[in-house]
Amino acid sequence: MAAVELALEERVSLLYLLWRAEQRRKRRPRRTWVHQVLETREQFGEFHHLLQELRLDDGRFQRYHRLSLGQFEDLLSRVGPRIARLDTNYRRSIPPAERLSICLRFLATGDSFRTIAFSFRVGVSTVSQIIPQVATAIWDCLVDDFMAVPSTEDWRSIAEGFQERWNFPLCCGALDGKHVQTKAPPNSGSMFHNYKGTFSIVLLAVVDAEHRFRVIDVGGYGRTSDGGILANSTFGQALRAGTLHLPPDQPLPGGEHRGAQPHVFVADEAFPLRRELMRPFPGRLLPLEKRVFNYRLSRARMIVEGAFGILSSQWRLYRRAIELRPEIAEKCVKATCVLHNFLRCVDERGAPAVRGVAPAVVEPLQDLGRMAANNSSREAVLVREKFMAHFSAEGAVSWQPKE
């Protein structure tokens, strides 16, 4: 009996397989292997037609890619081997220069994948693969040269820049966060929903006196405040633990009688007051000394706002909601940040600038926990008071508030 049932099951399975094979045979065959519009990519595609003409006009080439021709060639030499693909018996691969051009055009405009695909005469799925791959390659290939971890001497050099250009001594950077609008993933609830009513990931950055990113943390949930992002970031944890290798404490210029003070970062009222993190005094009706301190701190802190403005102006994908999954949007944000430093350290001919940059890179945390309490220690309050007294005495400048 068991043998009969087994034979019956085998016959049923065989009939099912024959039926599936017949259904596949009856399916409508694919009309074309490659659409005829895409077959003319090398004759009429934007890269092979328009861009070859723009190479004769460096200004227009720069407006198209946000990189000059020399900078584009320099970048291509760095990432080209990483993004190259092998030809097959069925089709030729898209060359590295064209793949880089597709990615840069997306970062420069923020257009949809379909718009980019039509312009370059490639498939939408091809664009959806090229952009994250090239963005990752840009980050990986530039990070060692333009985002090395700062040493103690690097922090000291940054502090000298803030003292010279923005009259804020012992400052190692300006800290702030930027909401990058993106598409909320399915079943994410309100994790990416921010106070502006949109969905976003957060770019937390420390910027030096010359608008260059020194520390970045990308990927924080939009619902979390700037202070919460800092508390849960690797940079914030290193700041609390004292492992950033900041220079040793030293007196303020002309203020030796006030004792040695720590090197600090400046931030707005969204961040907590700590020994190495200065924020403004709260309130409106403040005495003159506190208003002077807030003015001097705000003047130094606005450098990070300027860096975000340059970033948004250079790479227009920040001016609209990025219709990508957060993990892909994160790759694009990291690519634009390292390109921002690359452009500020490489001259128009593609040669390295005289002054290099060595910002630190902090990987984003995947799970943000409970925010830390925003309680200031007595030591942090005393440090801020020492800076306040310095700005109203030996550190005063002629153009600060007088009354």
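About the cut-offs
- Residues numbered from 1 in each chain as written.
- Predicted model: local features only at pLDDT ≥ 70, side-chain atom pairs only at ≥ 80, totals over all residues.
- Heavy atoms only, no water.
- UniProt positions renumbered as here; feature names shortened; annotations may be inferred.
- 1 Å grid on protein atoms, 1.4 Å probe; cavity = no way out; pocket = protein on both sides within 12 Å on 5 of 7 lines; lining within 4 Å.
- Points joined across faces, edges and corners; volume = space filled by probe spheres on them.
- Nonpolar A, V, L, I, M, F, W, Y, C, P; charged D, E, K, R; others polar.
- Salt bridge = Lys/Arg side-chain N within 4 Å of Asp/Glu carboxyl O.
- Buried < 20%, exposed > 50% of the residue type's maximum accessible area, 1.4 Å probe, protein only.
- Helix = DSSP H or I, 4+ residues; strand = E, 2+ residues; numbered from the N terminus.

- The name given to the chain in an unreviewed UniProt entry is DDE Tnp4 domain-containing protein, and the organism recorded there is Maylandia zebra.
- Per UniProt, the chain carries the Cofactor (unreviewed entry) text "a divalent metal cation".
- Listed under Subcellular location (unreviewed entry) in UniProt, the entry text for the chain is "Nucleus".

## Remarks on empty space enclosed by the protein
Think of a ball as big as a water molecule: rolled over the atoms, this probe shows where empty space is left.
For step 1, the next point in the chain: This structure, assessed with the given rule, holds 1 cavity of 30 Å³ or more.
For step 2, the next point in the chain: In this structure, the largest cavity occupies an estimated 30 Å³ of space.
For step 3, the next point in the chain: Partitioning the lining of the largest cavity into residue classes produces 4 nonpolar, 2 polar and 2 charged.

## Quick notes on the pattern of salt bridges
For step 1, the next point in the chain: Scanning the model with the defined rule gives 18 salt bridges in all.
For step 2, the next point in the chain: In this structure, R212 engages D208 in a salt bridge whose closest nitrogen and oxygen atoms are separated by 3.1 Å. Both residues of the pair, R212 and D208, count as buried.
For step 3, the next point in the chain: Judged by its relative accessible area of 2%, D208 is buried.
For step 4, the next point in the chain: Among the charged side chains, a network of salt bridges with common partners joins D176, D268, R301 and E305.

## A look at unusual backbone geometry
For step 1, the next point in the chain: Positive phi, normally seen in glycine, also occurs at R121, with a value near 60°.
For step 2, the next point in the chain: Tracing the sequence through the fold places R121 in the loop between α8 (113-120) and α9 (124-146).
For step 3, the next point in the chain: Since its relative accessible area comes to 24%, R121 is described here as partly exposed.
For step 4, the next point in the chain: For H211, which is not a glycine, the phi torsion comes out positive at approximately 65°.
For step 5, the next point in the chain: Topologically, H211 is positioned in the loop between β2 (200-207) and β3 (213-221).
For step 6, the next point in the chain: With a relative accessible area of 17%, H211 lands in the buried category.

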